[in-house]
Amino acid sequence: MRHLGAVTIGLVALLGGMTAPLVIVTDASGSSWPAGPSLGLSTLAMLAVPLAIVSPLAYAFRVLGTRREAIAWRARIVLGEPLGIHVTAQARRGVSAGMVASGVGLVAGVGWQVVADWATLGGSGVAHFEAWGVPTLAVTLAVCVAVTAVVYALAAGRVASAPMGASAARAAEGAPSRSETRIRLWMWRGLAALTGASFGLLAWDRIWFARGSASDSVASGLTAAVGYATFAFLVGGALLLMRGVAFASAALSRRTAGALASRPLGAAFAAAADGLAHRSRVRVLAAGTIATVLVIVACVGGTVAVNDARSSVAATLSPPFIVAALDPSESFDTAPGYEPQALPTSLVDAIEGDARIVSVPFGVLWGAAEPVTDPAAGAAAPDSVLVVDPARLTAVSPDGLRPLGLQDGTVTRGNGAGLANGILPWETGPAALDLPAGPLAAFALPTAAFDAFGTEAWAEPAAGAAPVTGMMLWPAAGVTRDELDAAITAHVGDTGARIWEISGIHGSLAAIGLRETGLLYVLLAIGVALTVALAASSARDRRTELATLAALGARSASLRWVPALEAGVTIACAALIALPTGFVLAMLGTHPTLLRAGAPLDAVETLWDLGWELAHLGWTMPVLLAAVALAGGVVAAGIVGATMLRGTPVDELREAEKEGAL
């Protein structure tokens, strides 16, 4: 338990190593790009939120792990040593522990990144060294080491500051004075006020999106303000959420204790109910940490499940064949508007009338090309979108592209087909397609489909009805790919239309690849292990009380079950609060439009997407992990309870004093 604080912050360093632009692996034909300082800064900014989440966890682990050492510290302080000596010594120990844990995490993260990218490319990748990755990793290491040192120093100050007459358990708690309590209260109030103000600004920006109609200078200032507010809200919200979940789980445990105490269930249940109702602050800290870990497990597990479900939808809607009247490489000089080349009506009718083929027609809507500023570089490809009827896609997948957020006014990102170039900025956010009638506004979704799709209802008011420039084709039920190929070839004949055979599956939703999947399983396993360790630590804190009860005549056979009962109730209550909280966070975080400024805010579509996410959350893995944590915690606490009462009550009291529970 003593080293879990440094290890927890080392996980943030692991994440930093996986995302830092030090070694970038591309395919054999590709080339690296200069990472530049912006990519390094974005990596550091991204680590702020997980660092804010794990720092309180690291502090809790350090407090729980140094209770034995606190006895010696307090004795020396009574003999005249200043408290600052111990705090400074622990800060230095934090520096050395942070160097080891965070350094190993960084190296492991970079190695994991390279191996995973290499494996994704089938072992044929080429590694490129990026100079900006070095200062990024150096700053990441420095920040993680500094946070570890601060955590060690604060924990030492807490456990060593109690008077010598107090028990070691209370010394570990470091009961604050009235002034310290007042300061903490105002700190939490200030954090809540800052988080609330940030939320208000983000809500105003989401609903009205004033940046979209403001001048460049005003929009730039608003964008900066929204960026700062987002950072403050994420960090402050994470800290407040952790505190709220901890208090809610503790309150539920106390209510459960009251229910147990009101029923004649035996001495073990009565002792467990008393321990749950009057837990020390150390055990409250352990219970809150368990709840926080389970929130993270549920949020990560739910996010991965929803993203995988959306990736499955995108893969299903990746057609094996396309028949088109154009080659995009020959159409860059097309005037803004619909692509004039269209498939022959007879070919369209023949394909749609063939029961072996499931078809979805589309048009291609071009925007104005950017002015050529460098003649040597050639003309840039203009923006373009495939315009489809979303209802036609339901013949291939029951909900079409609706789970990816496609609705009137949104455009998916393309990933693989190359028929459409998408709309700048080619990433999430408001965009516009420049047409003769004026800019056609759209919101670029965070999700990637087979190509950049927009709806007919969105395009028709500005550009009119779309001619059928191409058709995406899938085999009907029971039809093989070869049979589909033969049918398409027979229909096309000498019409001059082009047949594109699409190899592989495109449109994966920023899919969780080997790198993220491996990290996910590591984090989930660590979460379960931490839950079990915290349950065992909380059980040891009961050694004094159980030994006292045994000395007063309570049966040891009954008392052995008390730690297991307490651990079971604590973890179960934490899971009841934490799992729904984590799932709600996963739903909000993965929603394609709800929290994204500039996106359409249609109540029907928003609620439909939330319902779809709820149905695809993947409850099994987080609930199973919570069940494993519950079983492991009960077993671990049961083992601790069984070993506690093997000796006489005097022996147990002596052992409790050694462990810092007396």
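Above: the structure in question.
Sequence order as written defines the numbering, with residues in each chain counted from 1. Predicted model: local features are reported for residues with pLDDT of at least 70 only, side-chain atom pairs are reported and counted for 80 or more only, and whole-chain, interface and lining totals are derived from all residues. By convention in this description, side-chain values take in all heavy atoms of the structure and omit both hydrogens and water.

## Observations regarding the overall build of the protein chain
Under the DSSP-based scheme used, a helix requires at least four consecutive residues in state H or I and a strand at least two consecutive residues in state E, with every element numbered from the N terminus. Helix and strand counts for the protein chain stand at 21 helices and 12 strands. Counted over contacts in the protein chain with a minimum sequence separation of 6, partners at least 24 positions apart contribute 85%. Contacts between residues were defined by any pair of non-hydrogen atoms, one from each residue, lying within 4.5 Å.

## Focus: the environment of Gly-611
With respect to the helices and strands, Gly-611 occurs in helix α19 (residues 603–615). Exposed residues in this analysis have more than 50% of their type's maximum accessible area, buried residues have under 20%, and partly exposed residues fall in between, with area computed by a 1.4 Å probe over protein chains only. According to the relative accessible area criterion, Gly-611 is partly exposed, its value standing at 38%. In this structure, the C-alpha to C-alpha distance between Gly-611 and Met-587, residues 24 residues apart in sequence, is 9.3 Å.

## Remarks on the packing of aromatic side chains
By convention, a stacked pair of Phe, Tyr or Trp rings (six-membered ring in the case of Trp) has centres within 6.5 Å and planes under 30 degrees apart, an edge-to-face pair has planes over 60 apart, and any other such pair is tilted. What the rule picks out here adds up to two aromatic pairs. Measuring from centroid to centroid gives 5.8 Å for Phe-199 and Phe-233, while their planes differ by 35°, and the two rings are tilted. You can see Phe-199 sitting in helix α7 (residues 178–208) and its partner Phe-233 sitting in helix α8 (residues 216–261), a full 34 residues away along the chain. Residue Phe-199 is classed as partly exposed on the basis of its relative accessible area, which comes to 49%. Classification of Phe-233 as partly exposed rests on a relative accessible area of 28%. For the pair Phe-583 and Trp-619, a centre-to-centre distance of 4.4 Å together with 55° between the ring planes defines the contact as tilted.

## Describing the pairing of strand β3 (residues 321–324)
Side chains Phe-321 and Val-323 project from β3 onto one buried face, and the interleaved Ile-322 and Ala-324 project onto a second face that is buried too. Pairing between strands is defined by DSSP: at least two bridges between them are needed. Relative to strand β11 (residues 470–475), β3 runs antiparallel, the two sharing four bridges. Bridge assignment links Val-323 to a residue of β11, and that residue is Met-471. As defined by bridge partners, β3 adjoins strand β12 (residues 498–501) across four bridges and the pair is classed as antiparallel. Looking across to β12, one finds that Ala-324 is bridged to Arg-498.

## Here's the deal with the pattern of salt bridges
Within this document, salt bridges are pairs made up of a side-chain nitrogen of Lys or Arg and a carboxyl oxygen of Asp or Glu, the two lying within 4 Å of each other. Under the definition given, this model contains five salt bridges. Residues Arg-392 and Glu-352 are paired through a salt bridge, measuring 3.1 Å at the closest nitrogen-oxygen approach. Taken together, the residues span a long stretch of sequence, with Arg-392 in helix α12 (residues 390–393) and Glu-352 in helix α11 (residues 345–352) at a distance of 40 residues. Salt-bridge contacts for Glu-501 lead to Arg-481; the nearest nitrogen and oxygen are separated by 3.4 Å. Linking Glu-501 in strand β12 with Arg-481 in helix α14 (residues 481–492), this pair joins segments that are 20 residues apart in sequence. Among the residues examined, Arg-481 registers a relative accessible area of 35% and is labelled partly exposed.

## Let's talk about α11
Along α11, the positions that sit buried rather than exposed are Leu-347, Val-348 and Ile-351. One face of α11 carries all of its buried residues, which in axial projection span an arc of 100°. In α11, the exposed positions that point more than 90 degrees away from the buried face belong to Thr-345 and Ser-346. Looking at the buried side of α11, the elements it contacts are β3, β5 (357–366), β11 and α14. Our arc is simply the arc of the directions from the helix axis toward the C-beta atoms.

## Points about the nonpolar core
To define a nonpolar core, start from buried Ala, Val, Leu, Ile, Met, Phe, Trp, Tyr and Cys residues and group those joined through side-chain atoms within 4.5 Å. Phe-453 and Met-472 are the most contacted members of the largest nonpolar core, which totals 63 residues. Considering each element in turn, this core owes the most residues, nine residues, to helix α10 (residues 281–316). Contact partners of Met-472, with chain neighbours within four places excluded, come to Pro-319, Phe-321, Ile-322, Val-358, Ser-359, Val-360, Phe-362, Val-388, Leu-393, Phe-450 and Phe-453. Listed in part, the 15 residues of the second largest apolar core include Val-12, Leu-22, Leu-106 and Cys-144.

## Brief notes about the sheet that holds strand β8 (residues 429–435)
Sheet architecture is open: three strands sit in the order β7-β9-β8, paired in mixed fashion. Since the sheet does not close on itself, it has two edges, and those belong to β7 (410–414) and β8, each with one partner. The mean angle between the axes of side-by-side strands here comes to 50°, regardless of whether they run parallel or antiparallel. Taken strand by strand, helix α13 (residues 456–463) contacts β7, β8 and β9 (438–449), and its axis lies near 160° from that of β9. Interaxial angles span 0 to 180 degrees and are taken between N-to-C directions of axes, which are lines fitted to C-alpha atoms, for helices over the stretch in contact.

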